[in-house]
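Each chain, written out:
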Amino acid sequence: MSSAVTAAYLGPANSYTHQAALALLPSSLTRPTTTLIPYTSIAAAYESRETYAVLPLENTIFGVVQETLGCLLSSEGEGDDEDEDEKKGARWRIVQTFDKRVEHCLVVSSSCSDEQLDKIAWVASHEQALGQCAKFIKQRLPCAQLVKTPSTAQAAEALALLSSRQKLRQQQQQQNDTTTISYPSSSAHPAHPVCSENNGQSADEAEDELEIIPKQLQALPGAAICSEAAVEGLEGLRITRKGVQDVAGEFLVLEACKGTAANSDRS
Ligand SMILES: O=C(O)C(=O)Cc1ccccc1
């Protein structure tokens, strides 16, 4: 019986790394049944026991992805020579690199108009994307504090969650303003539908997602830099600028050295 082939990637779904993984796997390298497994950071994907790992490596504007480089340097002996790697007990060997165009979008809450862009207090994305769009951010979002997130798609998810919470708070405020006199004391306020519009996440998942945005910024208007695909399926967001920056990105496919894949400790 053939065992399942799995590939770790820097998630969540629709991160650039996911798009690269979809383009790469399955391929002649792997079997057609490869299942892609999202991990919440480059390090977690690297430390996973999947058969393959797809990681961002570098791009034309901002250079090498430091976290990926750090992972590669932390384990000696990974290279082209499989026998040598196995003798040294290496976990991965590089089997392919892959170039993919990366097109960043500026995403804001649907309630934020273009005229309000200069009020944006923070902009979240992967360090690489923030670096690639530094000029644009400085020009168009002069007041924005940079918030580094584990991936571009996680920035979009956190922004969607915060936007839905803000919307909810505004609705509750409006209800309170118009109905304070008519509520009996036992049910003084409408039920508090925490995370009722949370893009399909559980409350715990939503809390984890929000930890990546500093608490003091969460109530302020924010933005995310990510791909167009990362916004699909997320409510309450709109793309205000496409092609903020186009760069060529390079991604890496690692294959587990024999006997080291276990599919056991994914997040
Ligand atoms: O895959 C992602 O979404 C990332 O956050 C990594 C990244 C960031 C910028 C360009 C390419 C990949």
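Rules used throughout
Residues numbered from 1 in each chain as written. Predicted model: local features only at pLDDT ≥ 70, side-chain atom pairs only at ≥ 80, totals over all residues. Heavy atoms only, no water. 1 Å grid on protein atoms, 1.4 Å probe; cavity = no way out; pocket = protein on both sides within 12 Å on 5 of 7 lines; lining within 4 Å. Points joined across faces, edges and corners; volume = space filled by probe spheres on them. Helix = DSSP H or I, 4+ residues; strand = E, 2+ residues; numbered from the N terminus. Nonpolar A, V, L, I, M, F, W, Y, C, P; charged D, E, K, R; others polar. Salt bridge = Lys/Arg side-chain N within 4 Å of Asp/Glu carboxyl O. Near = heavy atom within 4 Å. Polar contact = N/O pair within 3.5 Å; in protein donor to acceptor, adjacent residues only side chain to side chain. Areas by Shrake-Rupley, 256 points an atom, 1.4 Å probe, with all protein chains shown as cover. Sits in = over half its atoms within 2 Å of the grid points. Phe/Tyr/Trp six-rings, centres within 6.5 Å; stacked < 30°, edge-to-face > 60°. Buried < 20%, exposed > 50% of the residue type's maximum accessible area, 1.4 Å probe, protein only. Pairing = 2+ DSSP bridges. Core = buried A, V, L, I, M, F, W, Y, C linked by side-chain atoms within 4.5 Å. Contact = heavy atoms within 4.5 Å.

J.: Where do I start with empty space enclosed by the protein in this structure?
T.: Space left empty within the atom packing is revealed by a probe, the size of a water molecule, rolled over the atoms. Under the defined criterion, the tally for this structure stands at one cavity of 30 Å³ or more. The space that makes up the largest cavity amounts to roughly 220 Å³. Mapped onto the lining of the largest cavity, the elements with two or more residues apiece are α1 (16–24), β3 (52–59), β5 (92–109), α5 (127–132) and β9 (237–256). Considered class by class, the residues forming the lining of the largest cavity number nine nonpolar, ten polar and two charged.

J.: Whenever I open this one, the pattern of salt bridges confuses me. Can you help?
T.: When the charged atoms of two side chains lie near each other, side chains of opposite charge can form a pair. This model, assessed by the stated rule, comprises six salt bridges. The shortest N-O distance in the salt bridge between Asp118 and Lys119 comes to 3.9 Å. Linking Lys148 and Glu127 is a salt bridge whose minimum nitrogen-to-oxygen distance equals 3.5 Å. One end of the pair, Lys148, is in strand β7 (residues 145–148); the other, Glu127, is in helix α5, and 21 residues separate them in sequence.

J.: I'm lost on the site of the ligand in this one. Help?
T.: Around the ligand lies a shell formed by Leu10, Ser15, Tyr16, Thr17, Pro56, His126, Gln128, Ala129, Ser151 and Thr152. With respect to the ligand, the side chain of Thr152 contributes an N or O atom lying 2.4 Å from an oxygen atom. In the complex, the protein chains occlude 98% of the 320 Å² of accessible area that the ligand would expose alone. The pocket occupied by the ligand, as judged from atoms lying within 2 Å of grid points, is the largest cavity. Where the shell around the ligand is concerned, the elements lending two or more residues are α1 and α5.

J.: Just checking my understanding: could you explain the packing of aromatic side chains for this structure?
T.: Both the distance between ring centres and the angle between the ring planes are used here to describe each pair of aromatic rings. The final tally for this structure, using the stated rule, is one aromatic pair. Between the aromatic rings of Tyr46 and Trp92, the centroid separation amounts to 6.3 Å while the plane-to-plane angle is 50°, which identifies the pairing as tilted. Of this pair, Tyr46 sits in helix α2 (residues 42–47) while Trp92 sits in strand β5, and the two are 46 residues apart along the sequence.

J.: So what exactly am I meant to see when it comes to the pairing of β3 here?
T.: In regular strands, side chains alternate between the two faces of the sheet. Burial within β3 is extensive, with seven of its eight residues counted as buried. Relative to β9, β3 runs antiparallel, the two being bridged by seven bridges. Each residue of the ladder has a partner; that of Glu58, found in β9, is Glu250. Of the strand pairs in this sheet, β3 and strand β4 (residues 63–64) are connected by two bridges, and their pairing is antiparallel. Bridge pairing in β4 places Asn59 opposite Gly63.

J.: Explain the layout of surface pockets to me, please; I cannot follow it from the model alone.
T.: By volume, the second largest pocket is sized at about 210 Å³. Lining the second largest pocket are 14 residues, with Ser111, Cys112, Gln166, Pro221 and Gly222 sitting closest to its centre. Top contributing element to the lining of the second largest pocket by residue count: helix α7 (residues 152–179), with four residues. Residue composition of the lining of the second largest pocket, by class: seven nonpolar, six polar and one charged.

J.: Can you help me understand the pairing of strand β1 (residues 6–10) in this one?
T.: By the criterion of burial, β1 is predominantly enclosed, with five of the five residues buried. The side-chain alternation of β1 yields two buried faces, one formed by Thr6, Ala8 and Leu10 and the other by Ala7 and Tyr9. Bridging between β1 and strand β2 (residues 35–39) involves five bridges; their strand directions are parallel. Bridging across to β2, Tyr9 finds its partner in Pro38. Pairing analysis gives three bridges linking β1 to β3, with the strands arranged parallel. What sits directly across from Tyr9, in β3, is Val54.

J.: I tried to follow the nonpolar core on my own but got confused; where do I start?
T.: One broad trend across soluble globular proteins is that nonpolar side chains are buried collectively. Grouped together as the largest cluster of nonpolar side chains are 25 residues, with contacts concentrated most on Val107, Trp122, Ile213 and Leu237. Counting only elements with at least two residues in this core, the list comes to β5, β6 (122–125), α7, α8 (203–210), β8 (222–226) and α9 (228–231). With eight residues, α7 is the single largest residue contributor to this core. Setting aside residues no more than four positions away along its own chain, Val107 makes contact with Leu159, Ala223, Ala224, Cys226, Val231, Leu237, Arg238 and Ile239. Core analysis: the second largest hydrophobic core is formed by 17 residues, Tyr46, Ala53, Leu55 and Leu72 among them.

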